[in-house]
Amino acid sequence: MRWHLEPWKQETETEYRTRFTERQEEWLDAGMGKCQLRQPEIRAEVERCLLHFDDVRYDLDAFVVMPNHVHALLAPREGRALFDLLKA
């Protein structure tokens, strides 16, 4: 990214996604890394944290805790910024 500043040509963006984003997703899907979320107590804590502010700071539609990452579909409540929710 240091050598290819935005705005990117379509071919540069495609190459970036192929070399980095897609590769990282493949590693996650393959279960690479320490997979701390396989431990039941850690998994339960993540679930508890996600549900804690549901209907308060955000509306949580669905989530899945994978062995090495989490997917969540949520909508911030009025006055809440997604960036701030993710930091919390």
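Per chain, residue numbering runs from 1 following the sequence as it is written. At least 70 in pLDDT is required for a residue's local features to be given in this predicted model, at least 80 for side-chain atom pairs to be given and counted, and no such filter applies to totals for whole chains, interfaces and linings, which use all residues. By convention in this description, side-chain values take in all heavy atoms of the structure and omit both hydrogens and water.

1. Describing the overall build of the protein chain
Here's step 1: For the protein chain, the helix and strand inventory stands at three helices and two strands.
Here's step 2: The atom set for the radius of gyration is the C-alpha atoms, and the globule formula is 2.2 Å times the number of residues raised to the power 0.38. Here the C-alpha radius of gyration of the protein chain, 17 Å, is well above what a compact globule of 88 residues would show, namely 12 Å.
Here's step 3: When the backbone C-alpha atoms are referred to their principal axes, the protein chain occupies close to 40 × 35 × 20 Å.
Here's step 4: The cut-offs for exposure are 20% and 50% of the maximum accessible area for each residue type, with area from a 1.4 Å probe on protein chains only; residues under the lower value are buried, those over the upper are exposed, and the others partly exposed. In the protein chain, buried positions account for 11% of the 88 residues.
Here's step 5: For the protein chain, long-range pairs separated by at least 24 residues make up 29% of all intrachain contacts whose partners lie at least 6 apart in sequence.
Here's step 6: For the purpose of charge, His is not counted, nor are the chain termini; Lys and Arg are scored as positive and Asp and Glu as negative. Every charge is mapped to an atom, namely NZ of Lys, CZ of Arg, CG of Asp or CD of Glu. Between the centroid of the 13 positive side chains of the protein chain and the centroid of its 17 negative side chains there is a distance of 6 Å. Runs of E in the DSSP output that reach at least two residues are strands. Runs of H or I that reach at least four are helices, and both are numbered from the N terminus. Here, residues are in contact when the closest pair of their heavy atoms is within 4.5 Å.

2. Some remarks on a negative patch on the surface
Here's step 1: Side chains of Glu 22, Glu 25, Glu 26 and Asp 29 sit close together on the surface and give a patch of like negative charge.
Here's step 2: Structurally, Glu 26 is set in helix α1 (residues 10–29).
Here's step 3: The class for Glu 26 is exposed, based on a relative accessible area of 53%. A patch consists of residues whose relative accessible area exceeds 30% and which take part in no salt bridge; residues with like charges are grouped when within 9 Å of each other, and nonpolar side chains (Val, Leu, Ile, Met, Phe, Trp, Tyr) when within 5 Å. For the area figures, the Shrake-Rupley method with a 1.4 Å probe applies, and any residue is considered shielded solely by the protein chains shown. Any Lys or Arg side-chain nitrogen found within 4 Å of a carboxyl oxygen on Asp or Glu counts as a salt bridge.

3. Notes on the packing of aromatic side chains
Here's step 1: Side-chain rings of Phe, Tyr and Trp (the six-membered ring for Trp) are treated as a pair once their centres are within 6.5 Å; stacked means planes under 30 degrees apart, edge-to-face means over 60, and tilted covers the remaining angles. The full count for this structure, using the stated rule, is zero aromatic pairs.
Here's step 2: A cation sits over an aromatic face here: Arg 57 above Phe 53, 3.7 Å from the ring centre. Charges are assigned to positions over rings by a cutoff of 6 Å between ring centre and Lys NZ or Arg CZ, combined with an angular limit of 35 degrees from the ring normal.

4. Quick look at unusual backbone geometry
Phi is mostly negative for residues that are not glycine, and the peptide bonds are mostly trans.
Here's step 1: Of note in this structure, Cys 35 is not a glycine but carries a positive phi near 55°.
Here's step 2: Here Cys 35 is to be found in the loop between α1 and α2 (40–52).
Here's step 3: One non-glycine residue with positive phi stands out, namely Asp 55, at about 70°.
Here's step 4: With respect to the secondary-structure elements, Asp 55 resides in the loop between α2 and β1 (58–65).

5. Details of α1
Here's step 1: Bending is quantified residue by residue as the angle between axes fitted to the seven-residue window ending at that residue and the seven-residue window starting at it. Along its length, α1 reaches its greatest deviation from straightness, about 40°, at Arg 17.
Here's step 2: Phi turns positive, to about 80°, at Gly 31, one or two residues after α1.

6. Notes on the side chain of His 69
Here's step 1: Its location among the elements puts His 69 in the loop between β1 and β2 (70–76).
Here's step 2: Classification of His 69 by relative accessible area gives buried; the value is 12%.
Here's step 3: When neighbours within four sequence positions are excluded, His 69 is seen to be in contact with Leu 28, Asp 29, Leu 37 and Val 64.

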